[in-house]
Structure formats: structure tokens, C-alpha cells
Amino acid sequence: MPINPVLASYSDLAYGTALVLYLFAMVLHAGEYAAGRVPVTAAGGRITAQGTGSVATLPPPTNVTEGGVTDGAPSRSKAERIGRSAVALTGLAVLVHASSLALRGAAIGRVPWANMYEFTSAVCFVAVAGWLVVLYRQRNAPEGSASPAGPAPLRRLGVFVLLPIVVLMFLGGTVLYAQATPLIPALSSYWITIHVSAAATATGILLVSGVASVLYLLGTGGSTRIAARLPASTSLDRLAYRTAVLALPIWTFAIITGAIWAEAAWGRYWGWDPKETCALVAWVVYAGYLHARATAGWRGPRAAWINVGGFGMMLFNLFFVNIVVAGLHSYAGI
Amino acid sequence: MTRAHSLTAVTAALRNTWRGLTSMRTALVLLFLLALGALPGALLPQYSLNPQRVRTYQAQHPTLAPILDRLGFFEVFASPWFAAIYLLLFVSLVGCVVPRSVEYARQLRRTPVATPRNLDRLPHHARARCDAATEQVLTATRRALRGWRIAERAEPDGARTLSAERGYLREAGNLVFHIALLGLLVSFAIGKLVGYEGQVIVLANGSQFCNSGPLAYDSFRPGQDVDGTALTPFCVRVEKFTPTYLSTGQAKQFRATIAYQGPNDLSSGTWHPYQLEVNNPLRIGGTRMYLIGHGYAPRFTVTFPDGQQRSGVVQWRPVDNATLLSEGTTKFDPPGMTDAALRRTRQLAITGLFAPTAVFRGSLLSSAFPDLLDPAVAIEVFQGDLGNSSGRSQSIFSIDQSMVDSGRLKEVARQDLRPGEQLTLPDRTVVRFDGVTRFVSLQVSYDPAQHWALGFAVLVLGGLGLSLAVKRRRLWVRVTPAGPAGTVVELGGLARTEAAGYGEEFDRIAAELLPPEQAGEGEEGRVSDADQPGAGVL
Ligand code: HEM
């Protein structure tokens, strides 16, 4: 299958465009975050009890009008408007990003995630797309289940979700960048579609989960100034948990299909190759996270720390193991 | 202390240990220990993966390495402490799963628990007046709760209640997950015990390999229960190896054209053709053969002064995987020499570099491309005692440097040769570089338990999916007659596990059962999820 260099260069162009758009969206979100000041008095109700073993109970977040507009005017506050345009821009960016992936796939005639540049791009795409799904579902949540104030606006986390995306994509486009090439023999297998797609999907979702847990820890860490601007910590905890629950079976699937592929490619389904080992370690950490959520005394910050550690392990596996440790996965190349 | 006392003390201690070991918290800690213990196995070089890199590491860290070695850090997955962690986890898992399975079986036969007195204390609650009669409401409720396990009860004051519970599959999934995890561990261990792995290099010029025993291999790693006498008998003949490269030198495809004889063909002598490729092993029964590497074996012909000829084709090992520049040694014994002492002054070694596509940087040979476009060798010829009768094991890729240092093996010539070119040694021996043969390196693996491992892995995934997707939840309905034709209907709900998402389902059921226009008294009548401000997210 020959490479189509024209499509490949359009793909690169779309990648750069998406990165710039993400950057703009992040700046807008930062503006929203700065404008969306919440009176500190309201913060008391935002930090919930945790670790008690029972369902946390608290008064619904005090109804705080965004941006301090208190006259009940129907017009949207400034923060609200900035936030909405940030989301719109993110949506546009994700479309451009999708076209970058599609063009690269068309240029090389296979799934475009076989080296670190391509893989990082796919992970970021899944993370942002997943993030937009979260926002969409929050907006469309049934009225009855929301507190009168409406669910705490997760949207305000946009800046924190986009920050790692921008950093990863910047690294991907510079340090990790690789020209479009056909696959080496070791990767020519339909398993690449199955195994790596699953790995990228799970990693992208876990990125969102990790961000939620980091913010949860910031919010419960004692600084009311930070906490006051974040959504209720229960929302963050719930977001982290539900994304992790979604991602863990996908991650399990990625490891199992990796093992099936390894049986066909390397002569054994499991051989403690560094990437395999680290994938298992990350899996164990996430299993620990879910167990911790079900163990009295481990819920709350402790569980959140485990989740953050799990994502640290994923990043470690992606970057350190690929670049520094020599293993069978190393051909994936930079 | 009496003997009976100490006995009870011992049993108490044992019971406490068992309880501690099987608690969730211990399992958590063990999980983390497992993760932590596996890490050095990923970060430090391991004997089992690459002994060469272990030795390099040891040379670089002369003080630290012996300590790490003593602690088993270069063999983590075979070390006693790693085994201890997973055995403890294993025991903890068994201790956790067995009682839970029993409890689950018991629960399956139990009816849903009676309706609590105060439904408004539950996390989910709704209440409304209905015009319908009790029986009607109950019928509607039963219809709404199809798929739930239901128990109906009557209360002394005339109220009727309905307890419903759903999501039993969660525990089933969870148990399947944990049991399958045990199965996976056992399958892995069995595979390690009765399986084997062997590697062998075969010239791609019609040479044969037969799986007759460990000695047929260049390296053989048997499981503890393998003595090598019962390997599946089969033979392969490697006809040809064909790599395809892009102009950049990147490989596109490796293909070995082989023929093989399975166990039933050996007597009849039938050969079956097969294309062995990366990602496409040859499977003969439960034994698999893989193409894992390739390289070049230069061919030399030596014409000794007495006119006798000897040819040698030995694989040289690639030193650069991108260009397949290779190094190696081809050794010769002088023919027809019966005097061992004399023979040891006349042995010959051709050692040096081989490049499939030669470029010379100054006089230094290197390779520009991995394929055979313009091969050349840069060789040094040594004559004397190769030291291979000294009893020490010899590398096939190099000469014994100590023989050179002691002067018993001397360099007599060095030259760059293209195929067909030759050089003459001082004693009139002629060394000709004839050409080159490709070789493939093959791996044979046998693991009869791997299908079990796959089966359990699928169960692990299925069980995990079930236990994460299904929610165990309870719902109660109390119907109290009020007035001549009406009733008061009260609903309460409780998620027994992670509560996420139950609010929506509860609200849907409540909306189905309670008339909208009388949706309760005021705001709080229908708001069920006040404790979960984020409900509905996702
Ligand atoms: C038990 C076996 C395997 C496991 C546990 C495993 C695990 C993983 C994990 C966790 C990733 C995610 C990316 C990352 O964090 O770097 C990944 C990516 C990948 N895997 Fe595997 N894998 C296995 C077998 C294989 C095999 C046999 C191949 C191909 C011969 C393969 C090819 C790839 C490629 C191409 C990627 C994406 C590119 C990259 O990471 O740079 N994997 N694998």
C-alpha cells in the first residue's frame, strides 16, 4: 500500500489547526474560569463529607448566579457566554482533529495509530470527544434529578481538561512526530486495529477521569479559593468514577487482545515485556481504585489519589517505557 | 496456661489471620504490592528477557548490581518474594470468593426485604395521592416493575406493600470475575510448568530442522515438568527467505517459504508447503513455530596448501538491525591432520564484518541498506590454536581472545572481499568469499494451557463488565387506602452498591406510577436525588 503524501500533509495541517483551536478554546475556558467567581460563603456547602461510608449528604449547592449577576436578568452572564463559545470552539477543534486522523488513515491505508505520534493524537481525540459527551449529557440530564441550581457546571473544568490535551498534542507534533509510513512486518496484522484502538480509547477516557480526580483533590485539599470555583466535589468524584468504570473493561480488552496478538507475533501470550508489565500494573492500580471506592475508609481523597496514580502509570507506560526502556514494543518508534 | 487454652489461642490467632488475609483491605494492599513488585521487572533488565543487558547493567553498576541480584531484581517474576505476593493474593481471593458465593446462593433464594417504615428517609423517595384503588395501583406497579424480583406484604393498618429488588447479576458477574482471575493464574502457572520454548537458526537454503529434542535447538527453555523426551515430532525445511523493503530501508514484509512434516507425515515422508511470516506462525497440533529473526551467513571456501578444500557457512550476527551489518567468525579445522598438536597450529578462523550493501567510510566497512544489493566482507584471518579443545565453551560469533593474547592464535591476513574474490595467506592457503546465504531464526513454543488462559480472560472481561454495568438496587412501594376511592402511594429507593444512575431510573418509575398533576405535596415530594447534585452527569 503506497503512501499518499498529499493526504498525509493535509492531515498534518489539520493536526496543527486542531492544536491551535484547542489552545484558543483553553484560553476562553480560562477566561470563563476567571470570570466565574463564586462568593466564598457558598463554598462551605460545596465540600462534601467523604469517607464516612454512607452516601454523602449535603445541602444542594447554594444557588449562586454566575459572574455575580444577581438581578435575575435572563441575559446570560459574561462567564456563561465565554464558556459556551469555548465549548463550541472545542467542538470545532475536535472535528478538525477527527479529519486529521481520517486523512492520515486514508494516506496510509490503515488505522492511524501505530506509532507514538499517531497514538497520542488518537488518545487526545478520544479524551476531548469523551469530554464533550460528558458536557452534552450533563446539559440534557433529566430535570428532576438536578438540584434547583442545576447541576454544578462541569463545563468550567474545560481549561483543566484542555491543558493536558494541548501539552500532549504539542509534544506529539514536535518531539514524537513521525512521517506517515507503511507498517513494519511485526505490526502488519488486523490485531493492530483491535488492540491499539482499544488501548487508545481507554487511555483517552482515563485521561478525563484522571483530570477529574486531580481537581477533586485540589477541591478537597483545603483551599476554599480553589474549591469555590470548581463544581461540587461529589460531581468530580462521580465523573472520575463513572469514566473509570467505563474505561476499565476497555483497558482489560486492550490487554487481552494484546496478549492474543503477542501469541501470534512473539510466540507467547504473556512474557513480562516492560509494556505488558506496566499495562498490567496500571490495570491493577485501577482495579485498586474501584476496590477502594467500595472499601470503608478508602473512599474520597484516598481513592482519588489511586486514580491519579493509575493515570500516572499510563503516562509512564506511554512515554518512559516506549522511549527509555527497551522492549518488544519499542519498534512503535517515536 | 493450660494446653486447651493455648490451643484456643492458636486457633483464634489462625482465625484472625485468615480474616485479616481475606479482608478487602488486605486484598487492596496485596494488589498494590503486586503492582509495586512488578515494576522493577519492567524497569531493570531481566535475565529471562535479555541476559546480555543484565550483564551490561551489572558492569555499569558494580556496587548496586550484586545487591539487586541477591534480592532477585533481575529475575523478578521468578523470585520467591514475587511468588509470595501473588500466592497471598491467591489465598486472599479464594478466602473472599468462597464465602461470597455461598452468601450469593443464599440471597438468590431469599425474598426481597420488607418495606421500611419510613420510606422518606431513603435516598430516593416520592409520594402522591392517587384516585385509583389499591388493587389497581398494585397491578400497575407490578407491570412497571417487570423484571424485578417482587414480594408483596400486607401491613396491620391495611396498607399493602411491595418490595422489589433487581441487579442480582452484579454479584454473579463479580464472582465470575474473581473466579476467572484465579483460573487465569492457574492456567498461566500450568503453561509455565509443562510448556517449553526453543530457538534455532536455520539456513534458508533447504536446510532442515527437526523437533527431536532439546539438543536440536540453539537455546531451549523447558518448563519444570519438561524433560525433553516427549516433544511433538515434526520437521521443517527452510527453502527460501524473502524480505521486502521500502526504499528507506524500512522492512515491509518478511516471508520464509518452508515445507513441513507433521507427526503423521514423518513415516510417509510427505511435505506440506507453508509461508511462514511474522504474525503468522505455523501451528502443528499445540506446537507453534514462529519466524522471529533473520540475517546472513557468508560462505567461505578455504583451499589448503595440499589442495584440499573445505567450505563453511555460519550465521553471522546482525550488529545493526536497521542495516543488517553483521559480525561473526567462520572456523575451519585443517583436513586430514591426525596429530592433534600439529592441527592446533593450523586451525583457521575468518572473522570480521559482513555488509549486505557495502559502503566504505575510509577503509571501514559499513552497510547502507539491509537487503542484499552489494555484499562485501571485511575479514581478518587468524591461524593457530582456536582453543576449542580447551574445554571452555566457545562463542560461535567470535574467536577466543585469550588465544590471541597468548600468541597461540595469530592474525595472518586482513582484506575486504566481494563475492568471488579471494586472498592468499603466507602459507599459500587460499580463502575465497563465495557468496552469502540467508538464515532465519525460528522459535518453537508449546503451551497446552493457553486456551484455558484465553477462556478465563474472556470470563474476566465478561464478569468485570457485568459487575460494573449492573446496579443492585431496591425499590419499595406502600399503598395506603385514603378516602372512599383513593390511595396514597409512597415510593422509596435504595441503591445497594455505587448509587450512580439509580436516580434517573427511580424517577422514571415514579413518574409512571404517580399521577403527574398530583405529583406530591410541593417541591420535595418528587425530588429524589437531593443528595446527589451531580446525578444525571453521564
Ligand atoms: C500481552 C501483550 C500486550 C500488552 C499487554 C500490550 C499493551 C499495550 C498498551 C498498554 C498499549 C498502550 C499504549 C501505551 O501505553 O504505550 C499498547 C499499544 C500498542 N501496542 Fe501493545 N500490548 C501487547 C501486545 C502487542 C503486540 C503483540 C503488538 C504488535 C506486535 C503490539 C503493538 C502495539 C502498538 C503498535 C501500540 C501503539 C503504539 C504505541 O504505543 O506507541 N502490542 N500495547
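Residues numbered from 1 in each chain as written. Chains lettered and ligands numbered in written order. Predicted model: local features only at pLDDT ≥ 70, side-chain atom pairs only at ≥ 80, totals over all residues. Heavy atoms only, no water.

**Observations concerning the state of the cysteines**
Residues and elements named next belong to chain B.
Step number 1: Overall, the coordinates contain 1 disulfide over all chains when judged by the stated rule.
Step number 2: Between the sulfur of Cys210 and that of Cys235 lies a disulfide, 1.9 Å long from S to S. Negative torsions about the S-S bond denote left-handed disulfides, and the value of about 110° found for Cys210 with Cys235 makes this one right-handed. Here Cys210, found in strand β5 (residues 207-210), pairs with Cys235, found in strand β7 (residues 235-245); they are 25 residues apart in sequence, far enough to count as distant.
Step number 3: Classification of Cys235 as buried rests on a relative accessible area of 9%. (Disulfide = S-S within 2.5 Å. Helix = DSSP H or I, 4+ residues; strand = E, 2+ residues; numbered from the N terminus. Buried < 20%, exposed > 50% of the residue type's maximum accessible area, 1.4 Å probe, protein only.)

**Quick notes on the packing of aromatic side chains**
Step number 1: What the rule picks out here adds up to 28 aromatic pairs over all chains.
Step number 2: Judged by centre distance (4.9 Å) and plane angle (15°), the rings of Phe316 of chain A and Phe320 of chain A are stacked. Taken together, the residues span about one helical turn, with Phe316 of chain A and Phe320 of chain A both in helix α9 (residues 301-323) at a distance of 4 residues.
Step number 3: Note on Phe320 of chain A: relative accessible area 34%, which makes it partly exposed.
Step number 4: Among the aromatic residues, ring-to-ring pairing joins Tyr269, Trp270 and Trp272 of chain A together with Phe73, Phe77, Trp81, Phe82, Tyr86 and Phe188 of chain B into one connected group.
Step number 5: Over the ring of Trp148 of chain B we find Arg473 of chain B; its NZ or CZ atom is 5.3 Å from the centre of that ring. (Phe/Tyr/Trp six-rings, centres within 6.5 Å; stacked < 30°, edge-to-face > 60°. Lys NZ or Arg CZ within 6 Å of the ring centre and 35° of its normal.)

**Digging into the side chain of Glu490 of chain B**
Residue and element names in this part refer to chain B.
Step number 1: Examined against the element boundaries, Glu490 turns out to sit in strand β23 (residues 486-495).
Step number 2: By relative accessible area, Glu490 is classed as buried at 10%.
Step number 3: A polar side-chain atom of Glu490 sits 3.0 Å from a polar atom in the side chain of His125.
Step number 4: The residues contacting Glu490, other than those within four sequence positions of it, are Leu119, Asp120, His125, Ala126, Arg127, Trp476, Val477 and Arg478. (Polar contact = N/O pair within 3.5 Å; in protein donor to acceptor, adjacent residues only side chain to side chain. Contact = heavy atoms within 4.5 Å.)

**Observations concerning the interface of chain A and chain B**
Step number 1: Across the boundary between the two partners, chain A contributes 71 residues, which contact 61 residues of chain B.
Step number 2: Considering only the side of chain A, the residues that lose the most area to chain B are Arg238, Tyr269 and Trp272 of chain A, jointly responsible for 13% of the buried surface there.
Step number 3: Summed over the shared surface of chain A and chain B, the result is 2 salt bridges.
Step number 4: With its nearest N and O atoms 2.7 Å apart, the salt bridge here joins Arg283 of chain B to Glu263 of chain A.
Step number 5: Scanning the region where chain A abuts chain B turns up 11 residue pairs in polar contact (both at pLDDT 80 or more).
Step number 6: For the side of chain A that touches chain B, the elements supplying multiple residues, two or more each, are α3 (116-139), α7 (233-265), α8 (274-293) and α9 of chain A. (Buried area = accessible area lost by both parts, 1.4 Å probe. Salt bridge = Lys/Arg side-chain N within 4 Å of Asp/Glu carboxyl O.)

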